[in-house]
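# Notes for the structure review
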Amino acid sequence: METGCGSLYVTTNDTESGAFELFAQIGKAGGCAASQTEAIGRLVSLALRSGVDPGAVARQLQGVRCPYPSWNKGHKVLSCADGIGQALARSIENGEATPATASNGNGYARRRAEALAGSCPECGNELEFEGGCAVCRSCGYSRC
């Protein structure tokens, strides 16, 4: 979508357990807008991997304003953060981003390696995410 800082590209990914990660990038590399957009994407991914409701994340980002709002397909985009929130909300509406299922029993989400990465195809133990890769602590298997 178009923002006041340039073209914003947002990709959301799900697993069987729910929303998992979000990548956000402004068309031009470098600069403050690009670094802030990447940082927001990393934090959204961390929240989603920790089981935070994607709708709650989208609501927090929507409405954040910058000095350069723009229009995109009839919708006002107030900032790059607002655009990311809108993209995540649209992903939820399309059924592409659903809440993760992990919970600690107190209503707070927690990270569960099994919910995030599944089982190891070689030994059957739980896979954990480390450095962006799914790895097995038991046998050393890695999806990367």
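Residues numbered from 1 in each chain as written. Predicted model: local features only at pLDDT ≥ 70, side-chain atom pairs only at ≥ 80, totals over all residues. Heavy atoms only, no water.

### Comments concerning the overall build of the protein chain
Tallying secondary structure elements over the protein chain gives 4 helices and 7 strands in all. Here the protein chain holds 144 residues, and 37% of them are scored as buried. Just so you have it, the protein chain exposes about 8,300 Å², and 49% of that area is on carbon and sulfur atoms. (Helix = DSSP H or I, 4+ residues; strand = E, 2+ residues; numbered from the N terminus. Buried < 20%, exposed > 50% of the residue type's maximum accessible area, 1.4 Å probe, protein only. Areas by Shrake-Rupley, 256 points an atom, 1.4 Å probe, with all protein chains shown as cover.)

### Things to note about the sheet that holds strand 2 (residues 6-15)
As a general point, the strands of a sheet are linked pairwise by backbone hydrogen bonds and lie either parallel or antiparallel. Within the open sheet, the 3 strands sit side by side as 1-2-3. Their pairing is antiparallel. What marks the edges here is a single partner per strand, and that holds for strand 1 (2-3) and strand 3 (18-26). In this structure, strand 2 lies alongside strand 3, joined through 8 bridges in antiparallel fashion. By the bridge assignment for strand 3, Asn 13 is matched with Glu 21. On top of the sheet, helix 1 (residues 31-49) reaches strand 2 and strand 3; it is set at about 180° to strand 3, its chief contact. (Pairing = 2+ DSSP bridges. Contact = heavy atoms within 4.5 Å. Axes fitted to C-alpha atoms, helices over the stretch in contact; angles between N-to-C directions.)

### What to know about the packing of aromatic side chains
A complete count under the given rule lists 0 aromatic pairs for this structure. Sitting over the face of the ring of Phe 20, Arg 49 holds its NZ or CZ atom 4.6 Å from the ring centroid. (Phe/Tyr/Trp six-rings, centres within 6.5 Å; stacked < 30°, edge-to-face > 60°. Lys NZ or Arg CZ within 6 Å of the ring centre and 35° of its normal.)

### Here we look at the pairing of strand 2
Judged from the 2 bridges that link them, strand 1 and strand 2 form a sheet pairing that is antiparallel. Paired with Glu 2 across the two strands is Ser 7, which belongs to strand 2. Taking the residues between adjacent antiparallel strands as the criterion, strand 1 and strand 2 are bridged by 2 residues.

### Description of the pairing of strand 3
A large share of strand 3 lies buried, amounting to 7 of its 9 residues. Count of turn residues in the strand 2/strand 3 antiparallel hairpin: 2 residues.

### Section: the pattern of salt bridges
Scanning the model with the defined rule gives 2 salt bridges in all. Linking Glu 21 and Arg 49 is a salt bridge whose minimum nitrogen-to-oxygen distance equals 2.8 Å. With Glu 21 in strand 3 and Arg 49 in helix 1, this residue pair connects regions lying 28 residues apart in the sequence. Since its relative accessible area comes to 25%, Arg 49 is described here as partly exposed. For Glu 38, the salt bridge is made with Arg 42, and the minimal N-O distance between the two is 2.5 Å. In this pair, Glu 38 and Arg 42 are both assigned in helix 1, 4 residues apart and thus about one turn of the helix distant. The class for Arg 42 is exposed, based on a relative accessible area of 57%. (Salt bridge = Lys/Arg side-chain N within 4 Å of Asp/Glu carboxyl O.)

### Focus: helix 2 (residues 54-61)
Owing to its 3.6 residues per turn, the α-helix aligns residues three or four sequence positions apart on the same side. Within the span of helix 2, buried status applies to Pro 54, Gly 55, Val 57, Ala 58 and Leu 61. Seen from one end, helix 2 has its buried residues packed into an arc of 160°, which puts them on one side. Structural note: helix 2 exposes Arg 59 and Gln 60 on the side pointing more than 90 degrees away from its buried face. Buried residues along helix 2 sit in contact with strand 3, helix 1 and helix 3 (80-93). Trailing helix 2 by a residue or two, Gly 63 shows a phi angle of about 95°, which is positive. (Arc of directions from axis to C-beta.)

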